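Residue-level listing of the chains:
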Amino acid sequence: MKTEQRRLGLLGLILSSALVLGACANLSDSAVTGDAAKLQSLAALDGKAPLRRTLDIQTWQTAQGAKVLFVEAHELPMFDLRLTFAAGSSQDGDVPGLATLTNAMLNEGVPGKDVGAIAAGFEGLGAEFGNGAYRDMAVASLRSLSAQEQREPALALFADVLGKPTFPADSLARIKNQLLAGFEFQKQNPGKLASLELFERLYGQHPYAHPSDGTAQSIPAISRQQLQAFHARAYAAGNAVIALVGDLSRAEAEAIANQVSAALPQGPALAKIAQPQAPKPGVSHIEYPSNQTHLMIAQLGIDRRDPDYAALYLGNQIFGGGGFGTRLMSEVREKRGLTYGVYSGFSAMQARGPFMINLQTRAELSAGTLTLVKQLLADYLREGPTQQELDNAKRELAGSFPLSTASNAAIVGQLASMGFYDLPLSYLDDFMRDVQSLSTEQVKAAMAKHLDPEALVVVTAGPTVAQKELPPPTDRPAELPSAVPH
């Protein structure tokens, strides 16, 4: 089971680490061949777009109401199947952790098979099952060889896991204990404590406010009957997107989609999540005995369908999303040696996700570092990017973009996100076209429209100590702070 920290990453579709974190486990496509899968170096680009796979995306709906997106790819004798449900923690209602617990229990038992037999069944076929639950969505995936003798039994087992989970009592007790142990471990992680409080402050009574894994108070009371009811409602065929990529014909893909869709509970899509209300800005502090202070700075950002998505993505890459060379890394780490890493990002979700800046620094410099970061944001919103920064960011994105379609695993993640967020089939081409056409003024206007330096919600976690003034910027900063958080 995967935690909220492994949710789909900022770009959602431009997967830098399998969606952002791919939403579920995948085997690597180390054997992908063909010129279209080979990446070109930035030095060789010379202003030209690198090669990437052109996707012929086919889409239809099953008789039970599931949306299907399919890409035929015969380079490897295998296929990737991913189902995405609007069954994340935002659907928990007043039972935090219900979605996560339901998803974690899918492969713990089906009629006639316990968790060990299920695992052995997939392994014996050379197939891989994956699952995970996040704020917006829950996912389940299958990777299998496409030959009929492996494909058919793997799909039959996968359909049972999704459609007929038995939620056995012994497994439920074990997974509850694992979650409760995780909550105890979180108490030793000031960064996690800060993140939990930040979401509570950002979202108040909104469904995004509570942690996806639930709480130490909510998990013990969740019953098998509640899991069954949530499964029947949230894992319904009408609430599913089926993404399929691999060595299959259209007829075979339709048969697979029909088989899986028919195995699910029957029912409609769940209602979309409402937009959150703007939170009250300000700073709150969590006292924690450590040498470092964690700083988390945020405000509400955008939802995944916002027309400014491309401009905000590019603008953030320049400010703090692109690693070394960003404004934040240059001013906070490289010139002052205040941190090992400082990052910013938009998490665009079904409703408005957070824009967040996070870092950790020496406790005695935390107040000055917070002031510096807030000033850097205000300056960037006022000035916008330079032409050189914009050109560099466009070039870097053009160089890395082929990764988004370099493997079947990457493509199935793209399709799943496109289907879940109702994005057009031309999304990948549209995104690159939009990014490459942006001007500095357009990026500046989009960032200033959606961000306000006076609206920041800040959570710090660390010790209360006497503060020192920040060192002045220099080309040779003092020793960086310890990487050990406490």
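Computed from a prediction, not measured in an experiment: that's the story for all the values here. (Residues numbered from 1 in each chain as written. Predicted model: local features only at pLDDT ≥ 70, side-chain atom pairs only at ≥ 80, totals over all residues. Heavy atoms only, no water.)

1. As for unusual backbone geometry
With a phi angle near 50°, F167 is a residue other than glycine that sits in the positive phi range. Within the secondary structure, F167 is located in the loop between α4 (148–163) and α5 (169–186). Given the relative accessible area of 1%, F167 is considered buried. For D422, which is not a glycine, the phi torsion comes out positive at approximately 55°. (Helix = DSSP H or I, 4+ residues; strand = E, 2+ residues; numbered from the N terminus. Buried < 20%, exposed > 50% of the residue type's maximum accessible area, 1.4 Å probe, protein only.)

2. Remarks on the pattern of salt bridges
For the coordinates displayed, the defined rule picks out 18 salt bridges. Measuring nitrogen to oxygen at the nearest pair gives 3.2 Å for the salt bridge that ties D308 to K449. Linking D308 in the loop between β10 (292–300) and α9 (309–321) with K449 in helix α15 (residues 440–450), this pair joins segments that are 141 residues apart in sequence. The exposure class of D308 is buried, given its relative accessible area of 18%. Looking at K449, the relative accessible area reads 61%, which means it is exposed. A salt bridge links D430 to R433, with the nearest nitrogen and oxygen atoms 3.2 Å apart. Here D430 pairs with R433, and both are found in helix α14 (residues 427–437), just three residues apart, close to one helical turn. (Salt bridge = Lys/Arg side-chain N within 4 Å of Asp/Glu carboxyl O.)

3. Digging into the packing of helix α3 (residues 115–124) against α4
Interhelical geometry of α3 versus α4 gives an angle of 150° and a closest axis separation of 10 Å. By the angle between their axes, α3 is roughly antiparallel relative to α4. As for how α3 packs across α4, the hand of that crossing is left-handed. Across the interface between the two elements, I118, G121 and F122 from α3 touch A154, L157, F158 and V161 from α4. Across the contact of α3 with α4, the residue classes break down as six nonpolar, one polar and no charged. (Axes fitted to C-alpha atoms, helices over the stretch in contact; angles between N-to-C directions. Parallel < 35°, antiparallel > 145°, perpendicular 65-115°, else oblique. Left-handed = near helix turned anticlockwise from the far one by under 90°. Contact = heavy atoms within 4.5 Å. Nonpolar A, V, L, I, M, F, W, Y, C, P; charged D, E, K, R; others polar.)

4. Looking at the sheet that holds strand β7 (residues 138–145)
The strand order across the open sheet built from six strands is β1-β2-β8-β3-β7-β6, with neighbouring strands paired in mixed fashion. The outermost strands of the open sheet, each flanked by one partner alone, are β1 (58–61) and β6 (128–133). Averaged over neighbouring strand pairs, the angle between their axes works out to 15° when direction is ignored. Two elements, strand β2 (residues 67–72) and strand β8 (residues 240–246), share six bridges in a ladder whose sense is parallel. (Pairing = 2+ DSSP bridges.)

5. With respect to the sheet that holds strand β9 (residues 282–287)
Strand order across the open sheet formed by five strands is β9-β13-β10-β12-β11, with mixed pairing between neighbours. Strands with a single pairing partner mark the edges of an open sheet, and in this sheet they are β9 and β11 (342–346). Each strand of the sheet is rotated relative to its neighbour by a mean of 15°, with strand direction disregarded. Where β9 meets strand β13 (residues 457–462), six bridges bridge the pair, whose relative direction is parallel. Bridge assignment links V283 to a residue of β13, and that residue is V458. Sheet strands touched by helix α6 (residues 190–203): β9, β10, β12 (354–362) and β13. Its angle to β10, the strand with the most contacts, is close to 25°. The strands touched by α9 within the sheet are β11 and β12, with β11 carrying the most contacts at an inclination of about 170°.

6. Focus on the side chain of K176
Relative to the helices and strands, K176 is located in helix α5. The side chain of K176 sits in the buried core without any salt bridge; D170 is the nearest counter-charge, 12 Å away. Polar contacts involving the side chain of K176 include one to the main-chain carbonyl oxygen of P220, which spans 2.9 Å. Discounting residues that sit within four places of it in the chain, K176 has contacts with L101, I219, P220, A221 and I222. (Lys, Arg positive; Asp, Glu negative; His and termini not counted. Polar contact = N/O pair within 3.5 Å; in protein donor to acceptor, adjacent residues only side chain to side chain.)

7. Digging into helix α11 (residues 366–383)
Each full turn of the α-helix corresponds to 3.6 residues, which orients residues three or four apart in the same direction. For α11, with 18 residues, the first-to-last C-alpha span of 25 Å sits near the 26 Å given by 1.5 Å per residue. Every buried residue of α11 is accounted for by S366, T369, L370, L372, V373, L376, L377, D379, Y380 and L381. G384, located one to two residues past α11, shows a positive phi value of around 75°. (Expected span 1.5 Å × (residues − 1).)

8. Regarding the nonpolar core
Counting 66 residues, the largest nonpolar core has F319, V332, I357, L415, F431 and M447 as the members making the most contacts within it. The leading source of residues in this core is α9, at eight residues. Here this core gathers at least three residues from each of two domains, domain 1 (57–263) and domain 2 (282–462). Contact partners of M447, with chain neighbours within four places excluded, come to L312, G315, N316, F346, Y380 and L381. One finds A138, L155, F158 and A234 within the second-largest nonpolar core, a separate group that totals 53 residues. (Core = buried A, V, L, I, M, F, W, Y, C linked by side-chain atoms within 4.5 Å. Domains from an automatic or database assignment.)

9. Here's the deal with the packing of α9 against α11
Close contact between α9 and α11 brings their axes to 11 Å; oriented N to C, the two are set at 145°. The hand of the α9/α11 crossing is right-handed. Across the interface between the two elements, G315, I318 and F319 from α9 touch L376, L377 and Y380 from α11. Class assignment of the residues belonging to the contact of α9 with α11 gives a composition of five nonpolar, one polar and no charged.

10. Notes on the confidence of the model for the protein
On average, the protein scores 89 in pLDDT, and the residues at 70 or more come to 87%. Taken as a whole, residues 1–50 scores under 50 in pLDDT and shows 128 contacts with residues more than four places along the chain or in a different chain. (pLDDT = per-residue confidence, 0-100.)

11. So, the packing of aromatic side chains
A full pass over the atoms with the stated rule returns 13 aromatic pairs. Residues F199 and Y203 carry aromatic rings whose centres are separated by 5.9 Å and whose planes lie at 20° to one another, so their mutual orientation is stacked. Here F199 pairs with Y203, and both are found in helix α6, just four residues apart, close to one helical turn. The pair formed by F199 and Y203 is uniform in burial state, with each residue classed as buried. Judged by centre distance (5.3 Å) and plane angle (20°), the ring pair of F319 and Y380 falls under stacked. Placement of the pair is F319 in helix α9 and Y380 in helix α11, with a sequence separation of 61 residues. Both residues of the pair, F319 and Y380, belong to the buried class. Linked through ring pairs, Y309, Y313, F401, Y427 and F431 together constitute an aromatic cluster. Above the plane of the ring of Y309 lies R304, whose end atom (NZ or CZ) is 3.7 Å from the centre. (Phe/Tyr/Trp six-rings, centres within 6.5 Å; stacked < 30°, edge-to-face > 60°. Lys NZ or Arg CZ within 6 Å of the ring centre and 35° of its normal.)

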